[in-house]
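# Coordinate inspection notes
Each chain, written out:
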Amino acid sequence: MSQAANQVKWCLDHAKKQLTEGRKHRGLVEVKPSLDAAKEHLEKAEHNFKSVLFMTKGGFSDWAVSAAFYSMYQCMLAILARFGYESENQTCTVALVELLKEQGKISIDDKFIKMLKPSSEEEQGFSVIDMREEYTYGFKITVPGADIKKLTESCK
């Protein structure tokens with residue numbers, strides 16, 4: 001079983017346990033596949049992307065990073081909705097997208113999966129989640145133009 005498959009299994013089991021205990025789940029649950037929900041997630045992704053452009057133009061590139069992250073994340077939630085899943089956990093969402101790719105159910109460039117994962121010390125890459133953490137919790141307020149350009153192109 002792949003690492004993504006193991007992660008998805010844990011996410012499904014974790015959510016099931018939490019729901020059984022009467023709590024809000026923080027994992028993955030299977031639901032009826034919904035193209036309508038997928039479209040709504042894509043509309044939210046477009047809305048977030050517009051805010052990336054607006055904030056960048058207005059001099060708030062640090063906040064644009066968070067909006068770019070959520071624009072990309074909403075696209076992944078759209079994929080999950082299409083296949084009948086609901087997620088309340090970013091790691092679980094990315095793991096399921098990775099598993100769907102491994103299973104040949106979707107075709108997505110690995111760079112989009114990697115961008116939504118924290119980068120490891122061994123594998124440094126362009127990670128929007130790392131950038132989101134740096135610009136949300138750090139003190140920098142200006143994102144280099146090349147990084148913003150890369151983010152906006154990735155969102156598209």
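Look a little higher up for the structure.
Notes on the structure in this doc start here.

### Notes on the overall build of the protein
When helices and strands are counted, the protein shows seven helices and two strands. Helices and strands appear in the protein in the N-to-C order α-β-α-α-β-α-α-α-α. A globule of 156 residues ought to have a C-alpha radius of gyration of about 15 Å, and the protein, at 16 Å, matches this closely. Each principal axis of the C-alpha distribution contributes one length, and for the protein these read about 45 × 40 × 35 Å. Within the protein, the fraction of its 156 residues that count as buried is 38%. Of all intrachain contacts in the protein linking residues separated by at least 6 positions in sequence, the fraction that spans at least 24 positions is 56%. When the accessible surface of the protein is split by element, carbon and sulfur atoms take 54% of a total near 9,500 Å². Distance from the positive charge centre (22 side chains) to the negative charge centre (22 side chains) of the protein: 4 Å.

### Notes on the pattern of salt bridges
One pass over the structure, following the stated rule, counts eight salt bridges. Residues Lys9 and Asp13 are paired through a salt bridge, measuring 2.7 Å at the closest nitrogen-oxygen approach. With a gap of four residues between them, Lys9 and Asp13 both fall in helix 1 (residues 3-20), about one helical turn apart. The class of Lys9 is partly exposed, set by a relative accessible area of 47%. Classification of Asp13 as partly exposed rests on a relative accessible area of 37%. Here Glu21 and Lys17 are joined by a salt bridge, their closest N and O atoms 3.7 Å apart.

Here is what the cut-offs are and how they apply
- Residues numbered from 1 in each chain as written.
- Predicted model: local features only at pLDDT ≥ 70, side-chain atom pairs only at ≥ 80, totals over all residues.
- Heavy atoms only, no water.
- Helix = DSSP H or I, 4+ residues; strand = E, 2+ residues; numbered from the N terminus.
- Rg over C-alpha atoms; globule rule 2.2 N^0.38 Å.
- Buried < 20%, exposed > 50% of the residue type's maximum accessible area, 1.4 Å probe, protein only.
- Contact = heavy atoms within 4.5 Å.
- Areas by Shrake-Rupley, 256 points an atom, 1.4 Å probe, with all protein chains shown as cover.
- Lys, Arg positive; Asp, Glu negative; His and termini not counted.
- Charge placed at Lys NZ, Arg CZ, Asp CG, Glu CD.
- Salt bridge = Lys/Arg side-chain N within 4 Å of Asp/Glu carboxyl O.

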